[in-house]
Amino acid sequence: MNVGILNIGDELLIGQVVNTNACRMSQKLIAAGMEVVEVCTIADDGTAIREGLERLLGKCDAVLMTGGLGPTKDDITKHTLCDFFGSRLVENAEALANVKRIFDARGYELTEVNRQQAWVPECCTMVNNYVGTAPCMWFERDGKVVVSMPGVPFEMEWLMDNEVVERLRNHFNTSYIVNKNLLVQGIGESFLSDMIEGWELALPKCIKLAYLPQAGMVKLRLTARGSDKAVLQQAIDKCVAELYPIAGQYIVGEDCENLQELVAQVLTREGLTLATAESCTGGTIAQRLTAIPGASVYFKGGVVAYSNEVKECALGVKHETLAAHGAVSEEAVKEMVVGVKERLGSDIAVATTGIAGPGGGSEEKPVGTVWIGLAYKDSVVTKLMHYGDRRAQTIDRTVNEVYSSIIKMIKEQ
């Protein structure tokens with residue numbers, strides 16, 4: 001089953017808003033066994049919407065749209081859909097009840113403008129959006145399906161998870177898809193490809209392999225498609241088992257989208273807590289971990305010690321250490337990681353200090369120089385890394401190195 005995605009919004013085209021909807025929609029559709037063949041971003045313009053629909057319906061079984069469903073005059077999607085399907089807007093009683101429920105819960109008065117949210121094309125099947133006021137609309141024509149959803153990301157996600165994907169699967173009787181993610185670190189993508197070439201060439205026809213490089217890491221994704229989910233899972237499991245003798249020393253985790261998810265799983269499973277002291281990473285290590293629900297179970301807290309004064313007063317780094325060796329040094333990172341572990345009372349602590357750039361480097365310590373410190377039980381480990389002169393890449397690579405080091409340290413002790 002082929003699906004096209006049509007995201008509507010001037011704000012997407014001018015870069016004012018990042019189009020996260022396309023990414024999340026594709027992930028959910030592919031996980032359900034559907035093939036996303038094209039993603040289009042277009043303006044809030046009736047002609048653009050009609051042309052986009054016509055073109056995508058020419059190659060797709062279904063088109064999923066987001067955006068342009070608000071009560072204001074610039075939201076024209078419903079009117080354009082009426083024109084496209086030769087219908088007219090009518091008030092839907094169920095949609096109106098949903099709008100009233102939401103306004104009552106918030107203590108707002110329902111105005112005539114907001115009441116228009118309950119108006120939908122007469123020819124569509126209205127799918128209630130219980131987390132927002134703009135309803136979802138399902139259209140069918142000549143065996144094809146068009147689904148129009150609000151552009152608000154959490155509303156779109158709720159509708160995809162609770163209504164749209166399952167309706168599409170039932171309508172088109174789609175095949176199954178099984179995914180397996182393997183997180184690989186310590187070897188570059190090209191070297192990894194050479195190492196596992198024989199294994200890759202021997203994969204069954206129903207399984208595809210994708211290399212997804214990230215900063216300091218490669219994610220291998222195995223995707224199996226077919227009519228029998230159990231058979232697909234067995235095939236995936238067999239292939240993974242055959243990969244470990246070849247590249248197992250570089251596989252740091254499975255069934256995670258990224259390293260922070262894996263760290264969260266390991267810390268939770270082992271009942272361990274973590275504290276962070278960050279200079280050059282500016283709180284990124286802590287931010288990515290605390291973005292995961294349930295982080296309070298394992299994350300004690302963090303200190304962003306960007307200046308030397310904060311390193312001294314908040315973490316206990318000696319003034320003499322900084323004067324003699326500088327903030328970007330093994331001596332400083334050792335005192336940072338020990339200090340945050342003692343002050344926050346965590347089982348494990350990590351610290352980073354470095355020169356992320358683009359300025360601030362020297363011949364002795366060039367841009368991209370990073371010291372990482374880890375403390376667990378009675379052990380303190382430091383690492384010196386050199387990541388080049390790209391600031392964002394240096395931060396990402398440092399964060400991923402910290403996460404993988406936490407996992408390895410726990411496994412080894």
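Just above, that's the structure.
Per chain, residue numbering runs from 1 following the sequence as it is written. This being a predicted model, a pLDDT of at least 70 is required before a residue's local features are given, and a value of 80 or more before pairs of side-chain atoms are given or counted; all residues contribute to the totals for chains, interfaces and linings. Excluded from the side-chain calculations are hydrogens and water; all other atoms, namely the structure's heavy atoms, are used.

Novice: Can you walk me through unusual backbone geometry in this structure?
Specialist: Most peptide bonds take the trans form, and the phi angle of most residues other than glycine is negative. Put simply, Gly357 and Pro358 share a cis peptide bond, and its omega is 5°. Strands here mean DSSP runs of E at least two residues long; helices mean DSSP runs of H or I at least four residues long; both are numbered from the N terminus. For Pro358, the position within the fold is in the loop between strand S15 (348–354) and strand S16 (369–376). Positive phi is not limited to glycine here, since Asp142 has a value of about 55°. Relative accessibility decides the category of a residue: with a 1.4 Å probe and only protein chains considered, values under 20% of the type maximum give buried, values over 50% give exposed, and everything between is partly exposed. The exposure class assigned to Asp142 is exposed, which follows from its relative accessible area of 73%.

Novice: Please clarify how the nonpolar core should be interpreted in this entry.
Specialist: The tendency in soluble globular proteins is for nonpolar side chains to be buried side by side. To form a nonpolar core, buried Ala, Val, Leu, Ile, Met, Phe, Trp, Tyr and Cys residues must be joined to one another through side-chain atoms within 4.5 Å. Residues Leu259, Leu262, Leu267, Leu274, Leu289 and Ile406 are the most contacted members of the largest nonpolar core, which totals 36 residues. For this core, the secondary-structure elements that each account for two or more residues are helix H11 (259–270), helix H12 (284–290), S15, S16 and helix H16 (391–412). When residues of this core are assigned to their parent elements, the largest contribution, eight residues, is made by H16. Setting aside residues up to four positions removed in sequence, Ile406 forms contacts with Val263, Leu274, Val350 and Leu374. Only heavy atoms matter for contacts: two residues are in contact if any of them lie within 4.5 Å across the pair.

Novice: So what exactly am I meant to see when it comes to the packing of helix H3 (residues 46–57) against helix H4 (residues 77–85) here?
Specialist: Two quantities define a packed helix pair, namely the angle between the axes and the distance from one axis to the other. It is the contact of H3 with H4, at a shortest axis distance of 10 Å, that shows an interaxial angle of 55°. Here H4 runs oblique to H3, going by the angle between their axes. Considering the relative orientation of H3 and H4, their crossing is right-handed. Where H3 abuts H4, its residues Gly46, Ile49, Arg50, Leu53, Glu54 and Leu57 lie against Thr77, Thr80, Leu81, Asp83 and Phe84. In this count, Pro and Cys sit with the nonpolar residues alongside Ala, Val, Leu, Ile, Met, Phe, Trp and Tyr, while Asp, Glu, Lys and Arg are called charged and the others, Gly among them, polar. In the contact of H3 with H4, the residues fall into five nonpolar, three polar and three charged. Note on geometry: axes are lines fitted to C-alpha atoms, helical ones only across the stretch in contact, with angles between N-to-C directions running from 0 to 180 degrees. Angle categories are assigned with fixed cut-offs, so that under 35 degrees is roughly parallel, over 145 is roughly antiparallel, 65 to 115 is roughly perpendicular, and the rest are oblique. Here a crossing is taken to be left-handed if its near helix is turned anticlockwise relative to the far helix by less than a right angle, and right-handed if that turn runs clockwise.

Novice: Sorry, what's going on with helix H15 (residues 330–344) here?
Specialist: A turn of α-helix holds 3.6 residues, and therefore any two residues three or four places apart point the same way. Any helix carries an expected span of 1.5 Å times its number of residues minus one. Taking 1.5 Å as the rise per residue, H15 with 15 residues should run 21 Å; its terminal C-alpha atoms sit 21 Å apart, in good agreement. One or two steps after H15, the chain reaches Gly345, where phi turns positive at roughly 65°.

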